[in-house]
Amino acid sequence: MQPFQFIHTSDVHLDASFSGSGFPSSLGDRKREAIRGTFRRIMDDGRREGVGLVLIAGDLFEAERVTPDTVEFLRRQFKGLHPARVFIAPGNHDPYMPGSPYREESWPDNVHIFKAEEFQSIEIRELGVRVTGFGFERPHLEDRFFRKLPVLPGDYFNIVLSHGSNLGRIPSGKSKHGPFTVDEIAGKNVQYCALGHYHQQQLLPNPHDGTPAWYPGIPEGRGWDETGPCGYLSGKVVGGNLSVENRICSQYPLNVITVDCGTFSTREQVLDAVVSRREEHFDSNTILRVQLVGALDPRVHLSAPELDERLSGQALYIQWDDRTHPAWDFGSLAGERTLRGKFVQSMNERIGRAAGEEKIRLERARLYGVQALSGHEVRLR
Amino acid sequence: MIFLDCHIRGFGKLRDCKLRFEPGINLVFAANEGGKSTLQQFLVGLLYGQLRSDLKVQRRMDPWVEKYQPWYGQEYGGMLRCRLADGRELEIRRSFGQDENRIEIRTSTGEDITRQYEIGRNGEVLFGRFHLGLPKELYESVGIVRENRASDIHSRETIRDRIANLAHSGDEELSIRKRIARLEEALDSVGSDRAPTKPYKQAKDLVRDLQSEQKELLERRARFEEWLQERNRLAAEAGRMNRELSRTRHALLGARRRDVESRIESLEDIDREICTLRETVESLGARAEFPADDLEELNQLVGARDSIARRLEEVRNEKEEALLRLALAESERRELEAYAPLSESEEAEKITEWFVGYLGLSLQTEGLKKTSDRLLGEARDLEKRLNRLCPALGEPGADWQNFAREAAEEEQAASRECALLAEDAAREGSKMAAALRTAFNRRFAAVIALLAAAGPFLWRHLAGSEAWSVWFDSVFGALCLSFSTGMWFAAAKAAGMGRDARRKIRELELEQERIREEGGRKRRKLDETVENSGYRGLNDFLADAKKSEQDRRKLEDARSRLQETRLGIEERRKQSEETYRQLKGSLEKVGLPCSPGNLKFQIDVLRSKLRKFRELDAGYGRCKHRVDSLKAEEAALDMEFGRKLDRVRSLLEQAEVGSPEEFREQCLKSRKSVELAQKMESRCREFKRLAQGRTLRQWKEALEAMQSQRQDHPAPETEADEGEPEAEAESGMPYLPYPPAVAELEEKERVLASRLSDVRQEHARSVERVNGAFQNCRLLSEIEEDLALAETKFGELERNRAALGTALETIEKLYRQQQEVLAPQLNAAVEQRFLRLSGRRYGEVKIDPDFQVWVRESETGELRSADRLSRGTQDQLYFSIRFGILDLVSDEAESCPCLLDEPFAAYDRPRLLEAYNILSGESGRRQLLLFTCREDLLDLAGRNNARIIRPDSKE
């Protein structure tokens, strides 16, 4: 067996939409371009270091949004890796199905796509490696295919490539696709299990036989739960021994900071509180979400455009998440023997009975009414 | 609550200052900047603390805390002692400042009861609110009367609005109406579906546009996938066809080889055949220059010559027969020569016309004569019948029917007028009866009065009674006499009226008589005529009168028609004579006699002879024309025969032969030779066509080259079915029982090449379409991102709209409810103060739900609007309302101390006096702390034994 290197990445999500994160399309374009740039850097790393294998464990792109331009980009990147072999196991976002670029487009000779929902092995004699994997043929796959993983022959270095959910620990909000447990991999003579689907990098603990099973994580953060630097895995096999290294590659990381406005009585104090976190939490390339919490002095008007203007250039983009609540003592106001008191009393009763959207509406109605009845300006949230 | 005393340890400029208060009016006197406002704030601060009351969670200082930092010393705070309505005395101690917020509340016994009070969420002990029932903000609005508030009331709207503001918000300056308007403005700034320039509608439109764009892109993406599949299908199709074309080309090469082989064989055969033909032509020995082409003309000329000779003989025979028939026709025609002019002119047709006219006129004359006789008979009968009638009916022009109708109408008119007169007479009769009754009654009354006038005298003189005085008797008698006289005159007048009525009745009766007489005059004459004519009744007479009138009209008609008939007979007689004269002249021209008795026979003879002449004349013309035409044909045939004969001789001489038969024999030889030459030429052409410009040798060399090329390029393998039969691979045309020809294969190659070209073009177009599928389109991700933001924004706007709508609706509803509830309560609270303050000059106060204030004057009972009151009364009203509202919003059991900060700054002395009296009145209800710098007010308060407090002097 010759020594060789490989790259393991997944969940690139080329051409993804950031509508769920509340990005404007201008920022979305920039972020999509950054994802593409990050992927290009990963491929460049592979070329430069002369890797023998590139393992992509699903969700390379989002099938319903991928553009012909991106497909051409991938084709060129893969072709540029020659003679390195590229193995792709389609995932739930890019399943191998009619209309998919995997199926409809032609790919360079060095690319192998696992097309079926059954394990298939490809042997690379010159490296002494056997890559075994399967691909999704539909967006939702709940069958436990890892149970069908055969015991592989021990003549080659065995790598298993797949997109799937480790049922041992499912991150919150993550759907189950291609579910498996670590014991389904154990005892199958696997030397490296290259996984994809979970966006946080992690090595699955395997108490059975120590088979290393890795999620490389998302290379470029996509949502507010994917904050901080992201990257991919670089593996090296020398004399049958495996070493894995994490490589940071993200261009525009995301971060979230929380600012308690309870003690502030001016807008400047809010700005100062954000700026004071700059060194530690963000820089000019960060896409930042500022969560404003606490009871807000009614005199303070948080106008997002003005806050943005003051913090211009401090971060790539700042998203204001105003979760403050007005500091009126509505319980006390309800005791007044005035119209304002009666209004607050009436609204308090209605809010007590309401729930969900109705409650939010009534709370706003109470706030606007009190602002007006107190002689303040009516400031819409 | 009553403030008893306070100890200011440090608060602004005041330091270690002890002040004592009393119930009623306390006048805090100090010059400007003398510490009045500081003391006010100190008292409020002691009651309510230093933390902001509007923030329920945060511990934030009120703005004044910073402002009233002690000027001297470090201690910031003080003590206030007060007495409650229940008699308890409490002492409250507070320390102020950013780091200090201590509070102690003790009873008069020193017991610390701080923990007994409720504590706000911000940690503040709610002392003031607990005892006064007012939150801090409200106490500051209602419990403190700021400088000059009362002085600038100058219009009805101001009073009303201030009352409304105070009643609703506890703040004079805070208008609920304006606040509602502010909410409406906010709602308007959000917009609605009907406001295209406002954010709501714009956001909604943006969402709709983005959804539409997203939908279009998704549809395009679905089409894109179809295009991808189509592109791949076309690529596969092009590959398959390319392979098929290669196979076909290989087969074509084989076919061409076979074709060249067969071509070489054909060329060798043709070459041999050409040699044989050349030898046969040479053996025939035909004259090469013989005019064989003239054979056909010669045959035609010989045939035509013989035919013309036969026809010429026939024409000559026909001409002889025609000349004989012409002579016979000419002799017969000459016998009726006299009819020739008649035949050529139009007179022949006119003779018939005249004859028919003559017969018609004779018949008409006969008919008219018969009619005349019949009419003459009818006239005589009618004359006889009319002569038999009575003289009255015999009068021509007498219209008895009309006369009888007029008589009846006049009678009816007279009856109607008589009826009207009878009604008038009846009315006059009733008038007359009434007048006579009236006259009788009046006379009777006059007699009674006369008797009454004489009664007392008679009683005095007859009975000697002295019951009535003489004066009474005289007056009574005079009155009765005058009454009696009056009644006599009235009775006479009534009798006169009765007479007038009787006279009128008589006149009416005479008028009736006269009208009846005039109306019956015609009727009487008619009856008399009928009787004189011997008729029993009027109806018989009128029937005969009608019949005689009809007979008279018939007679006149018959006479008129008789005259017309006689004129017609005369006219037709003249026309008949003229026609006869014309007929006679025509018959004489052809020698025929004319007599009226047998005119028809003579006319028939003329017409038959004329017809015969015309037939003979026509036969003669035809014979003459036939002879002429035969003569012309004979001449023409004779000339044509000569021309043909000359031409035949010329052709024979030219061919150097003696007869047409010899000419024909030479022609046969010549033609055979030509046919063989043509066949040889055809084979040569065939050779040339097959050789295609090459020699036989060159073809053989090409064949050798093909064989070597085929060996060098074997047939391509098929893609899937390697077991394709060898023959099929060879031919490129499966399933054919024979090897396909070059043309077939060339056609197939052409078709395949063309289809391949089409498929490649289509594939290129498909590739182009796939590549440009999303040109000029935004990314789906971009649209989704913009849409998500737009939906969020629209959702917020929608939520804000709903929230503002809810707030508005609730406030307006509560506002109306509160107006209805507050107005009567305020009315009661104000009334009890104001009536007392005004010294019962007014008996009633009315505050309507719209907070318009009216007062009723006790003396006049008149209702006056507040804005029409004097300045002093308005002051009374204003303070009554302020204190009334304070009662309404504060704890009922605990009177709230009221702080008045220079309330009379702009008042002159008389008004000040009145205002002070008002406060004196209120001071019985609550403690008043009056802050001022006015000396006159100080004097006034001093004279009224008010407590005077000078904050700048320690007590």
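Residues numbered from 1 in each chain as written. Chains lettered and ligands numbered in written order. Predicted model: local features only at pLDDT ≥ 70, side-chain atom pairs only at ≥ 80, totals over all residues.

This brings us to the overall build of chain A. For chain A, the helix and strand inventory stands at 9 helices and 17 strands. Here chain A holds 381 residues, and 44% of them are scored as buried. Long-range pairs, those at least 24 residues apart, make up 70% of the contacts in chain A between residues at least 6 apart in sequence. (Helix = DSSP H or I, 4+ residues; strand = E, 2+ residues; numbered from the N terminus. Buried ≥ 20, exposed ≤ 12 C-beta atoms within 10 Å, placed from the backbone. Contact = placed C-beta atoms within 7 Å.)

Next up on the list: the overall build of chain B. From N to C terminus, chain B includes 24 helices and 13 strands. Across the 955 residues that make up chain B, the buried fraction comes to 24%. Of the contacts made within chain B by residues no fewer than 6 positions apart, 77% connect residues no fewer than 24 positions apart.

On to the pairing of strand 9 (residues 853–857) of chain B, then. All names here are of chain B. Relative to strand 9, strand 8 (residues 842–847) runs antiparallel, the two being bridged by 5 bridges. Of the residues in strand 9, the one forming a bridge with Tyr-842 is Glu-857. For strand 9 and strand 10 (residues 863–865), the ladder comprises 3 bridges, and the chain directions are antiparallel. By the bridge assignment, Trp-854 is partnered in strand 10 with Ser-865. In this structure, the hairpin formed by strand 9 and strand 10 is closed by a connection of 5 residues, where Gly-861 is found at a positive phi of approximately 75°. (Pairing = 2+ DSSP bridges.)

What follows is about the nonpolar core. Note on soluble globular proteins: their nonpolar side chains tend to be buried together. Grouped together as the largest cluster of nonpolar side chains are 76 residues, with contacts concentrated most on Leu-27, Val-28, Leu-43, Leu-826, Leu-900 and Leu-930 of chain B. Among the elements that line this core, the one with the most residues is helix 22 (residues 871–889) of chain B, at 9 residues. Core analysis: the second largest hydrophobic core is formed by 60 residues, Phe-39, Ile-42, Phe-134 and Phe-136 of chain A among them. (Core = buried A, V, L, I, M, F, W, Y, C linked by C-beta atoms within 7 Å.)

Moving on, we get to helix 6 (residues 176–190) of chain B. All names here are of chain B. Helix length check: helix 6, at 15 residues, gives a terminal C-alpha distance of 21 Å against a target of 21 Å (1.5 Å per residue), a fit within 8%. Of all the residues in helix 6, the buried ones are Ile-176, Arg-179, Leu-183, Ala-186, Leu-187 and Val-190. For helix 6, the buried positions fall inside an angular range of 100° around the axis, keeping them on one side. Set apart from the buried face of helix 6 by more than 90 degrees, the exposed residues are Arg-177 and Glu-185. (Expected span 1.5 Å × (residues − 1). Arc of directions from axis to C-beta.)

Right, let's talk about the interface of chain A and chain B for a bit. With 48 residues of chain A at the contact, the number on the chain B side is 51 residues. Those elements that provide at least two residues to the side of chain A that touches chain B are helix 1 (25–49), helix 7 (330–333), helix 8 (339–353) and helix 9 (356–373) of chain A. Among the elements that take part in the side of chain A that touches chain B, helix 9 of chain A stands out by supplying 9 residues, more than any other. For the side of chain A that touches chain B, the residue count by class is 20 nonpolar, 15 polar and 13 charged. (Nonpolar A, V, L, I, M, F, W, Y, C, P; charged D, E, K, R; others polar.)

All names here are of chain B. Spatial ordering of the open sheet is given by 7-11-12-3-13, a layout of 5 strands whose pairing is parallel. Of all the strands in the sheet, the pair left with one neighbour each is strand 7 (144–145) and strand 13 (947–949). Relative to strand 11 (residues 898–901), strand 7 runs parallel, the two being bridged by 2 bridges. Paired with Ile-144 across the strands is Leu-899, a residue of strand 11. Against the sheet, helix 23 (residues 909–923) makes contact with strand 3 (25–29) and strand 12 (928–932), and its axis sits at roughly 150° relative to strand 12, the strand it touches most. (Axes fitted to C-alpha atoms, helices over the stretch in contact; angles between N-to-C directions.)

Moving on to the environment of Leu-479 of chain B. Following the sequence through the fold, Leu-479 of chain B ends up in helix 13 (residues 470–519). Spatially, the C-alpha atom of Leu-479 of chain B lies 9.7 Å from that of Ala-452 of chain B, the residues being 27 residues apart in sequence.

So, about the environment of Ala-186 of chain A. For Ala-186 of chain A, the position within the fold is in the loop between strand 7 (157–163) and strand 8 (192–196). Residues Ala-186 of chain A and Gly-210 of chain A lie 24 residues apart in sequence; the distance between their C-alpha atoms is 7.8 Å.

Cis geometry is adopted by the peptide bond preceding Pro-83 of chain A, which originates at His-82 of chain A and carries an omega value of 15°. Positive phi is not limited to glycine here, since Asp-59 of chain A has a value of about 55°. With respect to the helices and strands, the residue Asp-59 of chain A is situated in the loop between strand 2 (53–56) and helix 2 (68–80). Positive phi, close to 65°, is recorded for Asn-776 of chain B, a residue that is not glycine. In this fold, Asn-776 of chain B is placed in the loop between helix 20 (742–771) and helix 21 (780–837). Exposure remark for Asn-776 of chain B: the 5 C-beta atoms within 10 Å place this residue in the exposed category.

This part takes up the sheet that holds strand 8 of chain B. All names here are of chain B. Spatial ordering of the open sheet is given by 8-9-10, a layout of 3 strands whose pairing is antiparallel. Here the strands that pair on one side only, and so sit at the sheet edges, are strand 8 and strand 10. Neighbouring strand axes in the sheet, compared pairwise and without regard to direction, differ in orientation by 25° on average.

Now for the confidence of the model for chain B. Residues and elements named next belong to chain B. For chain B, per-residue confidence averages 83 on the pLDDT scale, and 93% of positions sit at 70 or higher. Within chain B, the lowest mean pLDDT, 46, falls on helix 19 (residues 726–731), and the highest, 93, falls on strand 4 (residues 77–83). The ipTM for the predicted assembly is 0.90, set against a pTM of 0.55. (pLDDT = per-residue confidence, 0-100.)

What follows deals with the packing of helix 12 (residues 400–463) of chain B against helix 13 of chain B. Residues and elements named next belong to chain B. Contact pair helix 12 / helix 13: the axes reach a minimum separation of 7 Å and the direction vectors enclose 165°. By the angle between their directions, the pair helix 12 and helix 13 is classed as roughly antiparallel. In this structure, the crossing between helix 12 and helix 13 has a hand that is left-handed. Of the residues in the contact of helix 12 with helix 13, the class split is 33 nonpolar, 7 polar and 16 charged. (Parallel < 35°, antiparallel > 145°, perpendicular 65-115°, else oblique. Left-handed = near helix turned anticlockwise from the far one by under 90°.)

Here we come to the environment of Ala-491 of chain B. Residues and elements named next belong to chain B. Its place among the elements puts Ala-491 in helix 13. The sequence separation of Ala-491 and Ala-446 amounts to 45 residues, and the corresponding C-alpha distance is 8.8 Å. In contact with Ala-491, other than residues within four places in its own chain, are Ala-439, Arg-442, Arg-443 and Ala-446.

What follows concerns the packing of helix 8 of chain A against helix 9 of chain A. Residues and elements named next belong to chain A. Close contact between helix 8 and helix 9 brings their axes to 9 Å; oriented N to C, the two are set at 175°. Considering the angle they form, helix 8 stands roughly antiparallel to helix 9. Here Leu-339, Arg-340, Phe-343, Val-344, Met-347, Arg-350 and Ile-351 of helix 8 lie close against helix 9, whose contacting residues are Lys-359, Leu-362, Glu-363, Ala-365, Arg-366, Gly-369, Val-370 and Leu-373. Grouping the constituent residues of the contact of helix 8 with helix 9 by class yields 9 nonpolar, 1 polar and 5 charged.

To continue, consider helix 20 of chain B. Residues and elements named next belong to chain B. In this model, helix 20 (30 residues) spans 42 Å end to end at C-alpha, consistent with the 44 Å of a helix rising 1.5 Å per residue. Burial in helix 20 covers these residues: Leu-745, Lys-748, Val-759 and Ser-766. Against the buried residues of helix 20 lie helix 7 (199–284).

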